[in-house]
Amino acid sequence: MPEEQAMERARDDEREGKSPSTQAGEFVREEMEHIREGEHGARSPEQAIAIGLSKARRAGVKLPPPKRGKSRTKRQAKRDLAKGRSGRRRKPSRKRSRATKRALKRESRRSASKKVLSRHAKRASARRSARSRSAAARKAAQTRKRRR
């Protein structure tokens, strides 16, 4: 269950008309914090990001399933989206959430370190074309908050 603070920040982003991926970023950030605090771990930065995105979809962020990727991932993303849309929330199964928590507690805390995240970001951007990176930078410059 995401913390109220992350939900509130995501809601603010939605009110400001920011993209679903920006809204979901709040949940990913929260997940990284949890790992750093030692609440649990993850095998890789990709897993930590995936957990954050799943939480975002279940919290009602309209983040579509990935266009490319494994069919299992897409299926799970669709399921998460449906859970987020349904609105009514059942109390999570105690056994399952405890099992998930125990499995994540056995994982490494290193996957959310600055060094590993930096390496992941570099690798992810290297996979993109120069034009795509440039367009993203241009858009970021336009939408950046101005200092007064």
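Only a predicted model underlies this, so the values are computations on that prediction, with no experimental measurement involved. (Residues numbered from 1 in each chain as written. Predicted model: local features only at pLDDT ≥ 70, side-chain atom pairs only at ≥ 80, totals over all residues. Heavy atoms only, no water.)

J.: So what exactly am I meant to see when it comes to the overall build of the protein chain here?
T.: Helix and strand counts for the protein chain come out as seven helices and zero strands. Taking 148 residues into account, the globule formula puts the C-alpha radius of gyration at 15 Å, and the protein chain, at 16 Å, falls close to it. For the protein chain, the spread of C-alpha atoms along the three principal axes comes to 45 × 40 × 35 Å. Here the analysis covers contacts within the protein chain between residues at least 6 apart in sequence; of these, 57% occur between residues at least 24 apart. Within the structure as shown, the protein chain displays about 11700 Å² of accessible surface, and the carbon and sulfur contribution to it stands at 50%. Charge centroids of the protein chain, computed over 51 positive and 16 negative side chains, lie 8 Å from each other. (Helix = DSSP H or I, 4+ residues; strand = E, 2+ residues; numbered from the N terminus. Rg over C-alpha atoms; globule rule 2.2 N^0.38 Å. Contact = heavy atoms within 4.5 Å. Areas by Shrake-Rupley, 256 points an atom, 1.4 Å probe, with all protein chains shown as cover. Lys, Arg positive; Asp, Glu negative; His and termini not counted. Charge placed at Lys NZ, Arg CZ, Asp CG, Glu CD.)

J.: Just checking my understanding: could you explain the nonpolar core for this structure?
T.: As a rule of thumb, nonpolar side chains are buried together in soluble globular proteins. Listed in full, the seven residues of the largest apolar core are Met7, Ala10, Ala24, Phe27, Ala56, Val61 and Leu63. At the level of secondary structure, the elements contributing two or more residues to this core comprise α1 (4–15) and α2 (20–37). Leu63 has contacts with Pro20, Ser21, Ala24, Leu53, Arg57 and Leu81, leaving out every residue within four places of it along the chain. (Core = buried A, V, L, I, M, F, W, Y, C linked by side-chain atoms within 4.5 Å. Buried < 20%, exposed > 50% of the residue type's maximum accessible area, 1.4 Å probe, protein only.)

J.: Can you help me understand the packing of helix α3 (residues 45–58) against helix α6 (residues 114–126) in this one?
T.: In helix packing, the relevant descriptors are the interaxial angle and the interaxial distance, both defined with respect to the helix axes. Look at α3 against α6: their axes get within 10 Å of each other, and the N-to-C directions meet at 85°. The angle between the axes of α3 and α6 places the two elements in the roughly perpendicular class. Between α3 and α6, the residues in contact are Pro45, Glu46 and Ile49 and Val116, Leu117 and His120, respectively. Counted by class, the contact of α3 with α6 contains four nonpolar, one polar and one charged residues. (Axes fitted to C-alpha atoms, helices over the stretch in contact; angles between N-to-C directions. Parallel < 35°, antiparallel > 145°, perpendicular 65-115°, else oblique. Nonpolar A, V, L, I, M, F, W, Y, C, P; charged D, E, K, R; others polar.)

J.: So what exactly am I meant to see when it comes to the packing of α3 against helix α4 (residues 71–86) here?
T.: Contact pair α3 / α4: the axes reach a minimum separation of 6 Å and the direction vectors enclose 35°. When α3 is examined against α4, the residues Ser54, Arg57 and Arg58 are found in contact with a partner set consisting of Gln76, Ala77, Asp80, Leu81, Lys83 and Gly84. Taken together, the residues of the contact of α3 with α4 break down into two nonpolar, three polar and four charged.

J.: Help me out: how do you make sense of the pattern of salt bridges in this one?
T.: Where charged atoms of side chains with opposite charge meet at close range, the side chains can pair. Using the criterion set out here, one finds 14 salt bridges in the structure. A salt bridge links Asp13 to Lys18, with the nearest nitrogen and oxygen atoms 3.9 Å apart. Given a relative accessible area of 7%, Asp13 falls into the buried group. Overall, Lys18 belongs to the partly exposed group, its relative accessible area being 36%. Two residues, Arg36 and Glu33, come together in a salt bridge whose shortest N-O distance is 3.4 Å. Of the two residues, Arg36 and Glu33 both sit in helix α2, three residues apart, roughly one turn of that helix. Looking at Arg36, the relative accessible area reads 41%, which means it is partly exposed. With a relative accessible area of 35%, Glu33 lands in the partly exposed category. Salt bridges here are not isolated pairs; linked through shared partners, they connect Glu4, Glu8, Arg11, Asp12 and Arg15. (Salt bridge = Lys/Arg side-chain N within 4 Å of Asp/Glu carboxyl O.)

J.: Would you mind going over α2 with me for this structure?
T.: In an α-helix, one turn spans 3.6 residues, which is why side chains three or four residues apart end up on the same side. With 18 residues, α2 ought to run about 26 Å at 1.5 Å a step, and its terminal C-alpha atoms sit 26 Å apart, in line with that. Those residues of α2 lying buried are Gln23, Ala24, Glu26, Phe27, Val28, Glu30, Glu31, Met32, His34 and Ile35. On the buried face of α2, the contacting elements are α1, α3 and α6. (Expected span 1.5 Å × (residues − 1).)

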